[in-house]
Amino acid sequence: MKANTLLICTLLITLFSFGQACNRCMFYEEYFTDQVGKGATGSTTDMTGVDWTIDISGAAFNNNNSRFGVVNTGPVSNINPRFEAKALIGTAIWMSPEIDIYSFSDVAFSIYVLEKNNSDNLEDDDTLEVQYKLDDDDDWTQASTNGFYFNDFLHTLTEQEGLNGTTLQLRVIIKNNGSGEWHQFDGIKVSGSPKNFSYTTSGWSPSNAAKITTLNPISIETGEAIISTDITCESLTVKPGASMTIASTKTLTTTNGITLQSSSSSYSSLVLNGSIVGDVNYERHASMMGSGLPGTGGNDLISIPLMPSAGQSFDTFIGLGAPANSTKLATNGTVYAFGPYDNNSASPAYINYAVAATDALIKGKGYRAATIASDQVLTFTGAVEPGNVSIPITSPTVGSQWNLVGNPYPSYLSASEFLTANSAVLDAAGVAIYGYNSGTTPLGTGSATTGNFTIINNATTANDIAPGQGFLVAAKNATGDNIVFNNGSSGTTDMRLVTGSDDYIVGRSSTPNYNFRLDLIGSTAYSTSFYFNENSSLGLDPGYDAKVYGTVPAFAIYSHLVEANTGINFALQSLNTLDISNVTIPLGVNANQGEQITFTIAQSTLPSTVDVYLEDTVANTSTLLTTSDYVMTPISDLSGTGRFYLRLADQALSTTDTDFDAIKIYTTPSPRAIFVHGMLTEDTTANIYDLQGRLVYSAALDSTRLSHQIDASDFADGVYVVTLSNGVQEKSQKVIIR
């Protein structure tokens, strides 16, 4: 019987070392092993257990002296079987089965043929011809090399090359007449170059993916390939930007593994709902170590997208890849630029692992990494995480609330689903994903930033987390909470996405959202962003508003909430679309004396009917930022809120009666105080009443100061009404002391 290797890997060992792909592979062979006696001898025919056929209708067998079948030619049974045609007294034909060659190109075959004579020599009319036909062609073609023999000949090889098609069938036509005339053949081999099956948004090429064999490599070039049937292949590569989903109960088996590729701006994605047999590798891009100057690189926050089921240590990880990760990570000879973030110390900092470190890498944890050159990838090898992953987060009294976590899957994750699942354990003012952007200009319209971090939350248009991506989150509680990553197991909602372009936000309004970004430019630059949608308000909206990461730097711009302001500095403030043309937003600005600064709208999707004004209450100016920048050089250091406000309006502003509108009143729990921020143009009195209308505090405010702090340490918890009056105008606002 033939040894058909379309679904058998063991033959590969005889052709090339295991784990190495072949350029030309033998995928069909017939040596007639264990088939002695099969065929026709005299009046007996036995074709059981073979897949080839014979036609002896043109031969007149001479009893048991005639034979058209398999014989043993060695000293021991079945050691050297051959197919023999003896004393046919006519013509007989041997035919192979139809051999599937769809998955191979430049197909070739060879057959070893020879004559054997006893008393009679072969004559000219004793012949052997080897023919083939492709696909469903009715015509047979003679093999191009030694395809026809007559009379006496030496043992030789019949060959044919350059065949392409769907199926191939071979036949050997033999004619001899004398009782001592023999023809023999064996060693039938068919080989070819395995086709590379590729998938794009247009589909498979070649088109019939069901023909993929153990010898064929697969390349997912673009789009999403769904593996909906069991497949065995030589290797599989998913290119940057492409994705693959393995359906439930289906298995993908590879000889030389799966490789997921990435670039600096594009990542491959694998969603595993079935199973994989074979190695899986993710070549994850990591940025080059920078010098600290703009444009010289930086580092990346990454996570572990693949890990062996038994776990993995750092010393094992640096040995992965070719070349090894150890040759690509930046190092000073003592430590590598790779390690987690320690937020539980008095001075929170990134850790760099020693060159001989054996620390265990942890799923769901984030790591900072930097390489020695641009366009480098770090290799991760292991299993795709089959379940949900949780990782502890903390907000210690001594330390930082910021925790470095990361996507534990080789697929994109929905940021919306991630925030929904984890909002209860995150700071209400920071229910967001803070992704490090290495100080580069954020990509995509509407990107919100805080320093070198891009903010992703329900207000932004970027709603995905890349495979192997690390990012920061702000913990709400000191201890006891966990961040969860869910893949749909155990009744959870699946966070995984096949690509990074889909938006799967549940319950988001389909009406247009608007946003703009305000930049403060001096010797450096800093940004703050504003979004408008139907899910937000003028107060705190967890999952839509996002605080500044860490401590506000010496050069920065940020905002405070329009209502229920508690003094939190926001990098992204989200408001309702109903307020888009009638709202005043307090701005905070930090800048040095004598340094020229520029306020500019860097990006906007606001309607053309909405104007944005910057009010400087000290200079008493109002600048239309939608048509021009505001440039100034402060005569003293700028710090905090109270001087600058953004006003959005759909008509020309009048500044005559807006003074009190720009004053902001808010409370803070520590210090326990009431703050009045803004420029007072007249002598003003602040009166504070409880809900029974009793006056509990009264004081004159200094009109030369931008900020006033009223000590509320003796006030009982509750709601109070703060009233400001200058004899002409009056403003009242409720505040909560707690």
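Counting restarts for each chain: residues are numbered from 1 in the order of the written sequence. Confidence filtering applies because this is a predicted model: local features only for residues at pLDDT of at least 70, side-chain atom pairs given and counted only at 80 or more, and all residues used for totals across whole chains, interfaces and linings. Heavy atoms throughout the structure, all of them, feed into the side-chain values; hydrogens and water do not.

Undergrad: Whenever I open this one, the pattern of salt bridges confuses me. Can you help?
TA: Should a side-chain nitrogen of Lys or Arg be within 4 Å of a carboxyl oxygen of Asp or Glu, the pair is scored as a salt bridge. Summed over the entire model, instances satisfying the criterion amount to 14 salt bridges. A salt bridge links Arg496 to Asp494; the shortest N-O distance between them is 2.9 Å. A salt bridge links Arg694 to Asp690; its shortest N-O distance comes to 2.7 Å. For Arg694, a relative accessible area of 52% gives the class exposed. Each residue gets one of three labels from its accessible area relative to the maximum for its type: buried under 20%, exposed over 50%, partly exposed in between, using a 1.4 Å probe on protein chains only. A relative accessible area of 12% means that Asp690 is categorised as buried.

Undergrad: Would you explain the pairing of strand 7 (residues 90–95) in this entry?
TA: Direction of pairing for strand 4 (residues 53–59) relative to strand 7: antiparallel, over a ladder of five bridges. Considered in strand 7, the bridge of Gly58 is made with Thr91. One bridge is not enough; two strands pair if DSSP finds at least two bridges between them. Segments assigned H or I by DSSP are reported as helices when at least four residues long, segments assigned E as strands when at least two residues long, and all are numbered from the N terminus. As judged from the six bridges shared by strand 7 and strand 14 (residues 167–176), these two strands associate in the antiparallel manner. Within strand 14, the position partnered with Ile93 by the bridge is Ile173.

Undergrad: Before we go on, may I ask you to explain a nonpolar patch on the surface in this structure?
TA: Patch definition: residues with relative accessible area over 30% and no salt bridge; like charges joined within 9 Å; nonpolar side chains (Val, Leu, Ile, Met, Phe, Trp, Tyr) joined within 5 Å. All accessibility values rest on the Shrake-Rupley procedure with a 1.4 Å probe; residue burial counts only the protein chains present in the view. There is a patch of nonpolar side chains on the surface, built from Leu691, Val719 and Ile736 and spanning about 250 Å² of accessible area. Using a relative accessible area of 45% as the deciding quantity, one classes Ile736 as partly exposed.

Undergrad: What should I look at first to understand unusual backbone geometry in this one?
TA: With the exception of glycine, most residues fall at negative phi, and the peptide bonds are largely trans. A cis amide bond, omega -5°, links Ser205 with the succeeding residue Pro206. Within the element layout of this structure, Pro206 appears in the loop between strand 17 (203–205) and strand 18 (217–220). Residue Pro323 is bonded to the preceding Ala322 through a cis peptide linkage, with omega at 0°. Along the chain, Pro323 turns up in the loop between helix 2 (314–317) and strand 29 (338–339). For Asn151, which is not glycine, the phi dihedral falls at a positive 60°. Tracing the chain through its elements places Asn151 in the loop between strand 12 (148–150) and strand 13 (156–163).

Undergrad: Would you take a moment to explain the state of the cysteines for this structure?
TA: Think of a disulfide as a covalent bridge from one cysteine sulfur atom to another cysteine sulfur atom. Criterion for a disulfide: a pair of cysteine sulfur atoms within 2.5 Å. Taken as a whole and judged by the stated rule, the model has one disulfide. Two residues, Cys22 and Cys25, share a disulfide whose sulfurs are 1.3 Å apart. As the torsion about the S-S bond is roughly 70°, the Cys22-Cys25 disulfide counts as right-handed. Note on accessibility: Cys22 and Cys25 belong to one class, buried.

Undergrad: When you look at the confidence of the model for the protein in this model, what are you seeing that I'm missing?
TA: Caution applies to low-pLDDT regions: their predicted coordinates should not be interpreted in detail. Note: pLDDT gives the predictor's confidence per residue, expressed from 0 to 100. Per-residue pLDDT for the protein averages 89, and the proportion of residues at 70 or more is 91%. Two residues form a contact once any of their heavy atoms are found within 4.5 Å. pLDDT under 50 marks residues 1–19. Its contacts with residues more than four places away, or in other chains, come to 38 contacts. When the criterion is pLDDT under 50, residues 652–658 qualifies, and its contacts beyond four places in sequence or with other chains add up to seven contacts.

Undergrad: Explain a negative patch on the surface here, please?
TA: Taken together, the side chains of Glu98, Asp136, Asp137, Asp138 and Asp139 define an acidic patch exposed on the protein surface. For Glu98, the position within the fold is in the loop between strand 7 and strand 8 (99–100). Residues scored as positive are Lys and Arg, those scored as negative are Asp and Glu, and His as well as the terminal groups of each chain are ignored. The atoms used to mark charge sites are NZ of Lys, CZ of Arg, CG of Asp and CD of Glu.

Undergrad: Help me understand the nonpolar core in this model?
TA: Across soluble globular proteins, you tend to see nonpolar side chains buried next to one another. Counting 52 residues, the largest nonpolar core has Phe516, Phe599, Phe644, Leu646 and Leu648 as the members making the most contacts within it. Core analysis: the second largest hydrophobic core is formed by 48 residues, Val238, Ile246, Met307 and Leu320 among them. Definition of nonpolar core: a set of buried residues of the types Ala, Val, Leu, Ile, Met, Phe, Trp, Tyr and Cys, connected through side-chain atoms within 4.5 Å.

Undergrad: What's the story with the sheet that holds strand 28 (residues 300–302) in this structure? I'm lost.
TA: Hydrogen bonds along the backbone pair up the strands of a sheet, which may run parallel or antiparallel. With respect to topology, three strands assemble into an open sheet ordered 28-32-29, the strand pairing being antiparallel. Since the sheet does not close on itself, it has two edges, and those belong to strand 28 and strand 29, each with one partner. By the bridge criterion, two bridges tie strand 29 to strand 32 (residues 367–369) in an arrangement that is antiparallel. Note that in strand 32 the partner of Phe338 across the bridge is Ala369.

Undergrad: Would you take a moment to explain the side chain of Asn590 for this structure?
TA: Turning to its location among the elements, Asn590 is positioned in strand 49 (residues 582–590). Polar contacts, as used here, are pairs of N or O atoms within 3.5 Å; protein pairs need one atom able to donate a hydrogen and one able to accept it. Residues neighboring in sequence count only if both atoms are side-chain atoms. In terms of polar contacts, Asn590 uses its side chain to reach the backbone amide nitrogen of Gly640, at 3.1 Å. In this structure, Asn590 is in contact with Leu520, Val552, Pro553, Ala554, Phe555, Ala556, Tyr558, Leu638, Ser639 and Gly640, ignoring residues within four places of it in sequence.

Undergrad: What's the story with helix 3 (residues 415–422) in this structure? I'm lost.
TA: Side chains of residues three or four places apart in an α-helix project in the same direction, reflecting 3.6 residues per turn. Burial within helix 3 is extensive, with six of its eight residues counted as buried. Buried within helix 3 we find Ala415, Ser416, Glu417, Phe418, Leu419 and Asn422. On its buried side, helix 3 packs onto strand 36 (412–414), strand 37 (433–436), strand 39 (453–456), strand 40 (464–465), strand 41 (470–474) and strand 42 (481–485).

Undergrad: Just to check I follow, could you spell out the packing of aromatic side chains for this structure?
TA: Each aromatic ring pair is specified by the distance between its two centres and by the angle formed by the two planes. Between the rings of Phe, Tyr and Trp (Trp by its six-membered ring), a pair exists once the centres lie within 6.5 Å; its type follows the angle of the planes, with under 30 degrees stacked, over 60 edge-to-face, and the other angles tilted. Summed over the entire model, instances satisfying the criterion amount to 36 aromatic pairs. Measuring from ring centre to ring centre gives 5.4 Å for Tyr666 and Phe675, while their planes differ by 15°; the resulting arrangement is stacked. Here Tyr666 and Phe675 have matching classes, each one buried. Through successive ring pairs, a cluster of aromatic residues spans Phe314, Phe317, Tyr336, Phe338, Tyr353, Tyr367 and Phe380. When the NZ atom of lysine or the CZ atom of arginine is within 6 Å of a ring's centre and also within 35 degrees of its normal, the charge is said to sit over that ring. The ring of Tyr102 is capped by Lys195, whose NZ or CZ atom sits 5.1 Å from the centre of that ring.

Undergrad: Help me understand the sheet that holds strand 55 (residues 664–668), please; the structure alone is not making it clear to me.
TA: Spatially, three strands are ordered 55-56-59 in an open sheet, and the strand pairing comes out antiparallel. Among the strands making up the open sheet, the edge pair consists of strand 55 and strand 59 (707–711). Strand-to-strand twist in this sheet, taken as the mean axis angle between neighbours without regard to direction, amounts to 20°. As judged from the five bridges shared by strand 56 (residues 673–677) and strand 59, these two strands associate in the antiparallel manner. Within the sheet, the bridge partner assigned to Phe675 lies in strand 59 and is Gln709. Lines fitted to C-alpha atoms define the axes here, with helix axes fitted over just the stretch in contact, and angles between the N-to-C directions of these axes take values from 0 to 180 degrees.

Undergrad: What is the right way to read the side chain of Ser262 from this model?
TA: Within the element layout of this structure, Ser262 appears in the loop between strand 24 (258–260) and strand 25 (269–272). With relative accessibility at 10%, the residue Ser262 sits in the buried group. From its side chain, Ser262 meets the backbone oxygen of Glu283 in a polar contact 2.7 Å long. Within the local environment of Ser262, its side chain forms a polar contact with the backbone nitrogen of His285, the two atoms lying 2.8 Å apart. Leaving out residues up to four positions away in the same chain, Ser262 has contacts with Pro240, Tyr267, Tyr282, Glu283, Arg284, His285 and Val377.

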